[in-house]
Amino acid sequence: MQRLQLLKDTFFGLDVAQQQLLIGCAVAAAAAGGILTYAMQRRSKMRTIPVGEGWWGAGEKPLLEDQKIYPFTVETSDEEIEDLYERIDKTRFTDPLEDSGFQYGFNSTYLKKVVSYWRNTFDWKKQVAMLNKYPHFKTKIEGLDVHFIHVRPLQNGDQRALPLMLVHGWPGSFYEFYKILPLLTQNQNRIAFEVVIPSIPGYGFSEAPHKKGFNSLAAARIFLTLMERLGFSQFYLHGGDWGSLITTNMAQMRPDCVKGLHLNMCMSNRGFKVLLSIIIGPYFPFLVGLSQEDVRRMFPFFQKNVWEILQESGYLHIQATKPDTAGRGLNDSPVALAAYILEKFSTWTHLKNRDLEDGGLERKFSLDDLLTNVMIYWTTGSIISSMRFYKENFSSNLYDRIDTRTGIFVPTGVAAFPQELMHCPKSWAQIRYQHIVSYTFMPRGGHFPALEEPRLLANDVIQFAKTVENL
C-alpha cells in the first residue's frame, strides 16, 4: 500500500508532459510484452556458442603442434635499460595549459615528475625479480606462445583448492593481479584458489597474432584450451574490462566446465527493458527493478552514460579503427607510452581526478606499480598488438555477434564498483546473465579494482565461490 501511495503521489506530482510520457511508456510496454516474451523464449533455447577453431601463427598451420608447457622467466639487460634511458633523455615536453589538470590528457608538469622518478629512482631489475616471485610458463596454442602464471595454494589439511582463472584487460596486464594473488591462495575457511593468470595474446609476454580477426571469441577458446591442458575439467573465472567479455565467452562456450563466473564489469544488451528503465527509473525505480543506489550511480543518465563516455572514449575510436597509426608513436617513445597508459589509470579510477594536476595517480597506486605495468608493454613492444584487439572486436557490430544473442547460464557474481565507467544494474545484467547468485555494490573503487582495492575484490570473489559451492 505504501508503494501504491508513493506511486500515486509521485505521478500526480509530475507535470502534464511527464505524465503523458509515462502513460505512453506503459502502453508501449503492454504492446511489446508479447513480442518480448517470444524473443526471450527464443533466446533461452540458445545455451551455448560454438567453440570453433583457429590458427594465429605465422604461415601455414602445421600438422602437429607442440603441446608441452615450458617454464618462463622474465628477463632484462643493461642494453635494454640503457636504450630506455636514452629515449627518456631525448623527450620533448610541452607545457600544459594553465589550470588544466588532466582535462586535456596527462598533465605535462606532473609527467616530468613521473619521468624523473622513472629515470632516476625506479629499479626495473628489482621489479623483474619481483615479477619472477611467481612461476611463469608458456605453451603453444593455435600457433601462439601463450604466457601465463600458475600459482598453487599451500596445502593445509582438508582445504579445497578451487581452480580460478583471472583475465585482465587494456591497458592492464597480468601484473594487475599481483596484490590479490596472496589473498586468493591463502586458506579461507577451508577454501583456497589455485590461480591461473594468462596474458591475452598480443599483450605482454604472450605472442601477438599474425593474422587478422583475433577477437574475444578466439581468446576465450585459447584460454579454454589452456585450462584443459593444465588438467582442469571445472574451474572458476574472473574478469574485468576485456577480461569480462573473454570469460563470458568462455562460459558460453563451455558452461559444463565453468563452475562460476565473477565479473567486476559487465554490459547489458540493448532492448526495451533498458529503455524503459532509463525513462521511468528516475521517478519509479522500483517499477523497473532499480534500487536507490542504481539511481544514484546512473542518473542523470545523459550526463553519466552519454556525455562522460563521449569524453572518455576517444582512445576507443582510434584503436577500433587505426590502431597501428597511433601505436607507432607509442611504441617508439617510452614517455608517450607512459602518458597514454597512465592517464587511464587516473581517469578510470575516478573521473574527478581530471581536475587534479597530478591526476590523483598516487592516491591509490604507487609509481613502482604503475611503471611496472608500463614496462611490461614497453619491453615486449606490445602496445600496437594490444590496441589491435579493439579493431578485431569492433570490426563488425558487436550486437550482431552470436555471443551477444546468447544468454549466460552459469552461476554468476558481479562486483559493481562505484567509479566504474558505466554502471550496470542487476536488473540489466540479468537480461544476459540469467543465473546471478551474487551482486555486490562495492563501497569504493574504479576500473582496476585488483590493483586499487585488492582486499575488497578478493573478499567478493571468495564469498561468491562459497555461495556457488553450497548451491
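All figures in this text were calculated on a predicted structure; none of them were measured in a lab. (Residues numbered from 1 in each chain as written. Predicted model: local features only at pLDDT ≥ 70, side-chain atom pairs only at ≥ 80, totals over all residues. Heavy atoms only, no water.)

## As for a negative patch on the surface
Step number 1: On the surface, Glu98, Asp99, Glu357, Asp358 and Glu362 cluster together to form a negatively charged patch.
Step number 2: Residue placement: Asp358 occurs in the loop between α14 (334-347) and α15 (361-364).
Step number 3: Residue classification places Asp358 among the partly exposed residues on the basis of a relative accessible area of 32%. (Patch = residues over 30% accessible without salt bridge, like charges linked within 9 Å, V, L, I, M, F, W, Y side chains within 5 Å. Areas by Shrake-Rupley, 256 points an atom, 1.4 Å probe, with all protein chains shown as cover. Salt bridge = Lys/Arg side-chain N within 4 Å of Asp/Glu carboxyl O. Lys, Arg positive; Asp, Glu negative; His and termini not counted. Charge placed at Lys NZ, Arg CZ, Asp CG, Glu CD. Helix = DSSP H or I, 4+ residues; strand = E, 2+ residues; numbered from the N terminus. Buried < 20%, exposed > 50% of the residue type's maximum accessible area, 1.4 Å probe, protein only.)

## Description of the confidence of the model for the protein chain
Step number 1: Confidence along the protein chain averages 91 in pLDDT terms, with 90% of residues attaining 70 or more.
Step number 2: In this model, residues 1-12 is a region of pLDDT below 50 whose contacts with residues beyond four sequence positions or in other chains number 11 contacts.
Step number 3: Scored below 50 in pLDDT, residues 16-44 shows 27 contacts in the model against residues more than four places distant or in partner chains. (pLDDT = per-residue confidence, 0-100. Contact = heavy atoms within 4.5 Å.)

## Thoughts on the sheet that holds strand β6 (residues 235-239)
Step number 1: Read across the sheet, nine strands follow the order β1-β2-β3-β5-β4-β6-β7-β8-β9 without closing on themselves; strand pairing throughout is mixed. The sheet is open, and its two borders are formed by β1 (69-72) and β9 (436-441), each paired with just one other strand. Strand-to-strand twist of the sheet, defined as the mean angle between neighbouring strand axes without regard to direction, takes the value 25 degrees.
Step number 2: The pairing of strand β4 (residues 160-167) with strand β5 (residues 191-198) spans six bridges and is classified as parallel. Bridge pairing links Pro163 to Glu194 in β5.
Step number 3: Contacts from helix α7 (residues 216-229) reach β1, β2 (136-141), β3 (144-151), β4, β5 and β6 within the one sheet, and its direction differs from that of β2 by about 115 degrees. (Pairing = 2+ DSSP bridges. Axes fitted to C-alpha atoms, helices over the stretch in contact; angles between N-to-C directions.)

## Some thoughts on the pairing of β4
The side chains of a regular strand alternate between the sheet's two faces.
Step number 1: β4 sits mainly inside the fold: six of its eight residues count as buried.
Step number 2: Alignment of β4 against β6, held across four bridges, turns out to be parallel. When the sheet's bridge partners are listed, Val167 is paired in β6 with Gly239.

## Some points on the packing of helix α8 (residues 242-253) against helix α17 (residues 383-393)
Step number 1: α17 packs onto α8 with a crossing angle of 55 degrees between their chain directions and a minimal axis gap of 12 Å. With respect to α17, the element α8 is oriented oblique. Considering only the axes of α8 and α17, their crossing is left-handed. Across the interface between the two elements, Trp242, Leu245 and Ile246 from α8 touch Phe389, Tyr390 and Asn393 from α17.
Step number 2: Residues belonging to the contact of α8 with α17 are distributed by class as follows: five nonpolar, one polar and no charged. (Parallel < 35°, antiparallel > 145°, perpendicular 65-115°, else oblique. Left-handed = near helix turned anticlockwise from the far one by under 90°. Nonpolar A, V, L, I, M, F, W, Y, C, P; charged D, E, K, R; others polar.)

## A few points about the packing of aromatic side chains
Step number 1: Taken as a whole and judged by the stated rule, the model has 29 aromatic pairs.
Step number 2: With a centroid separation of 5.5 Å and 25 degrees between ring planes, the pair formed by Phe137 and Phe148 is classed as stacked. One end of the pair, Phe137, is in strand β2; the other, Phe148, is in strand β3, with 11 residues separating them in the sequence. Of the two residues examined, Phe137 and Phe148, each falls in the buried class.
Step number 3: Across the ring face of Phe409, the terminal group of Arg47 is positioned such that the distance to the ring centre comes to 3.9 Å.
Step number 4: A cation over an aromatic ring shows up here: Arg119 above the ring of Tyr85, its NZ or CZ 4.2 Å from the ring centre. (Phe/Tyr/Trp six-rings, centres within 6.5 Å; stacked < 30°, edge-to-face > 60°. Lys NZ or Arg CZ within 6 Å of the ring centre and 35° of its normal.)

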